[in-house]
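# Report on the structure
So you can see what is in the structure, the chains are spelled out below.
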Amino acid sequence: MLSTPAAAQLATLFERACRLDVEALKPGNVGLHGDGHRMQVDDFIASAQAAAAPLCRPDATVGERIEDAMRATWQAVGCNTNLGIVLGCAPIAHAALHRNSNETLRASLQRTLAGLTVIDASHAYAAIRLAHPAGIGERAEHDVAEAPVITLLDAMQLAAHRDSIASLYASGHALVFDHLLPKYVAARRRWCSEAWAATTVFMFCLALIPDTHIARKHGAETARSIREKGVQMYVRLEQCRDPVMMQDALMAWDAELKSVGINPGTSADLTVVTAFLADVLDWIEGRREEQQKKKF
């Protein structure tokens, strides 16, 4: 297990990824480009600051990270600003802190997910009940309102078909590692901007799969319609020599989505998870290089 200073550095990386969430122009989401859905940018910044330390505590289990981060968030802002982010990032934080020497982060994450317990599920259920997101927990069995009898991984596997964050657990975060992270790294290099790289990942998410937050709240047909528009907007963004050329079109879509209360929240959560993973991998590589220098 890594030290408390390492956990503090990890918490800083989490806050940084959450800060990027509001810096990036993501149509339909709260950001520096505009508030919405009865929430403000300050709510998201305060949430990140409150959740970072409990999420990255050295001695916590995955379930404890999730519940403690959500309780800290609720105490800070009194609303659900980051449940999907916390659920997606908690296993990454745990894997980074408990990674064995010579073990990749992805292998450590697989081991973390495989080791999830019923107690982890109990903590996560408590966090979900506290946040009370739209459509979550409406099941005939294994409902979050009841005490869990299956592990958190089992619960996520059951929900994977209707929730993209749950699908991360079921697949070992394959969507992020195999698709979103390469897109983020390439866009960051291309645009020389982490904010526009995050916008690119967000738009790619919208184009790739229907946003499950939209589907739960507004129905599958609306989610498919937003995806179709997302494909068009993403193709236009990729064809730009400079992403600023898309700013007006993205802002217009932002206003349109917010006017009808549509928030592509899961796509935003996946964007933050991607940015956090990218920073953690860079941090691990930096630590490895420092250790190698000390040998000479």
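Owing to the predicted nature of the structure, the values given are computational and were not obtained by experimental measurement.

### Notes on the overall build of the protein
Per the secondary structure count, the protein includes 14 helices and zero strands. Relative to the 2.2 N^0.38 estimate, which gives 19 Å for 296 residues, the radius of gyration of the protein is 18 Å and therefore close to what a compact globule would have. The principal-axis extents of the C-alpha atoms in the protein amount to approximately 55 × 50 × 30 Å. Here the protein holds 296 residues, and 55% of them are scored as buried. Partitioning the intrachain contacts of the protein with sequence separation of at least 6 by distance along the chain shows that 71% fall at a separation of at least 24. Just so you have it, the protein exposes about 13000 Å², and 51% of that area is on carbon and sulfur atoms. The average position of the 30 basic charges and that of the 34 acidic charges among the side chains of the protein differ by 5 Å.

### So, the packing of helix α4 (residues 83-97) against helix α5 (residues 105-114)
When two helices pack together, their arrangement is given by the angle between the helix axes and the distance between those axes. Following both chains from N to C, one finds α4 and α5 inclined at 115°, their axes separated by 8 Å at the closest point. Between α4 and α5, the angle falls in the class roughly perpendicular. Crossing of α4 over α5 shows right-handed handedness. Where α4 approaches α5, its residues Pro 91, Ile 92, His 94, Ala 95 and Ala 96 are matched on the opposing element by Leu 105, Ser 108, Leu 109, Thr 112 and Leu 113. Tallied by class, the residues present in the contact of α4 with α5 amount to seven nonpolar, three polar and no charged.

### Describing the state of the cysteines
Under the counting rule described, the total for this entry stands at zero disulfides. Unpaired in terms of disulfides, Cys 56 finds its nearest cysteine sulfur in Cys 89, a separation of 8.4 Å. No disulfide involves Cys 192; its sulfur sits 16 Å from that of Cys 240, the nearest cysteine. On the basis of relative accessibility, which here comes to 69%, the residue Cys 192 falls in the exposed class.

### As for α4
Compared with the 21 Å implied by 1.5 Å per residue over 15 residues, the 21 Å span of α4 between its first and last C-alpha is a close match. Of all the bends found along α4, the most pronounced is centred on Cys 89 and spans about 30°, while Pro 91, a proline, follows it within four residues. Summarising burial for α4: 15 of the 15 residues are buried, a large majority.

### Considering the packing of helix α1 (residues 4-23) against helix α2 (residues 41-55)
It is at 9 Å that the axes of α1 and α2 come closest, and there the two elements cross at 160°. Between α1 and α2, the interaxial angle falls into the category roughly antiparallel. Considering how the two elements wind past one another, α1 and α2 form a crossing that is right-handed. Note on element contacts: α2 touches α1 through Val 41, Phe 44, Ile 45, Ala 48, Gln 49, Ala 51, Ala 52, Ala 53 and Leu 55, opposite Ala 11, Phe 14, Glu 15, Cys 18, Arg 19, Asp 21 and Val 22. Broken down by class, the residue content of the contact of α1 with α2 amounts to 12 nonpolar, one polar and three charged.

### A closer look at the packing of aromatic side chains
All chains considered together, the criterion is met by two aromatic pairs. With a centroid separation of 5.8 Å and an interplanar angle of 90°, the aromatic rings of Phe 14 and Phe 276 are classed as edge-to-face. Residue Phe 14 is located in helix α1, and its partner Phe 276 is located in helix α14 (residues 265-294); the two are separated by 262 residues in the primary sequence. The pair formed by Phe 14 and Phe 276 is uniform in burial state, with each residue classed as buried. Measuring from ring centre to ring centre gives 5.5 Å for Phe 204 and Tyr 234, while their planes differ by 55°; the resulting arrangement is tilted. Remark: Tyr 234 occurs in helix α12 (residues 220-239) and Phe 204 occurs in helix α10 (residues 194-208); sequence separation between them is 30 residues. Each member of the pair Phe 204 and Tyr 234 is classed as buried. Over the aromatic face of Phe 204 sits the side chain of Lys 183, whose NZ or CZ is 4.7 Å from the ring centroid.

### Brief notes about the pattern of salt bridges
Applying the stated rule across the entire model yields 16 salt bridges. Close ionic contact of Arg 19 with Glu 23 constitutes a salt bridge, the shortest N to O distance being 3.2 Å. With Arg 19 and Glu 23 both in helix α1, this residue pair falls four residues apart, about one helical turn. Overall, the relative accessible area of 38% leaves Glu 23 in the partly exposed class. A salt bridge links Arg 111 to Glu 103, with the nearest nitrogen and oxygen atoms 2.9 Å apart. Overall, the relative accessible area of 39% leaves Arg 111 in the partly exposed class. Among the ionic contacts, a cluster of salt bridges with common partners joins Arg 57, Asp 59, Glu 64 and Asp 68.

About the cut-offs
- Residues numbered from 1 in each chain as written.
- Predicted model: local features only at pLDDT ≥ 70, side-chain atom pairs only at ≥ 80, totals over all residues.
- Heavy atoms only, no water.
- Helix = DSSP H or I, 4+ residues; strand = E, 2+ residues; numbered from the N terminus.
- Rg over C-alpha atoms; globule rule 2.2 N^0.38 Å.
- Buried < 20%, exposed > 50% of the residue type's maximum accessible area, 1.4 Å probe, protein only.
- Contact = heavy atoms within 4.5 Å.
- Areas by Shrake-Rupley, 256 points an atom, 1.4 Å probe, with all protein chains shown as cover.
- Lys, Arg positive; Asp, Glu negative; His and termini not counted.
- Charge placed at Lys NZ, Arg CZ, Asp CG, Glu CD.
- Axes fitted to C-alpha atoms, helices over the stretch in contact; angles between N-to-C directions.
- Parallel < 35°, antiparallel > 145°, perpendicular 65-115°, else oblique.
- Left-handed = near helix turned anticlockwise from the far one by under 90°.
- Nonpolar A, V, L, I, M, F, W, Y, C, P; charged D, E, K, R; others polar.
- Disulfide = S-S within 2.5 Å.
- Expected span 1.5 Å × (residues − 1).
- Bend = angle between axes of the 7 residues up to and from the residue.
- Phe/Tyr/Trp six-rings, centres within 6.5 Å; stacked < 30°, edge-to-face > 60°.
- Lys NZ or Arg CZ within 6 Å of the ring centre and 35° of its normal.
- Salt bridge = Lys/Arg side-chain N within 4 Å of Asp/Glu carboxyl O.

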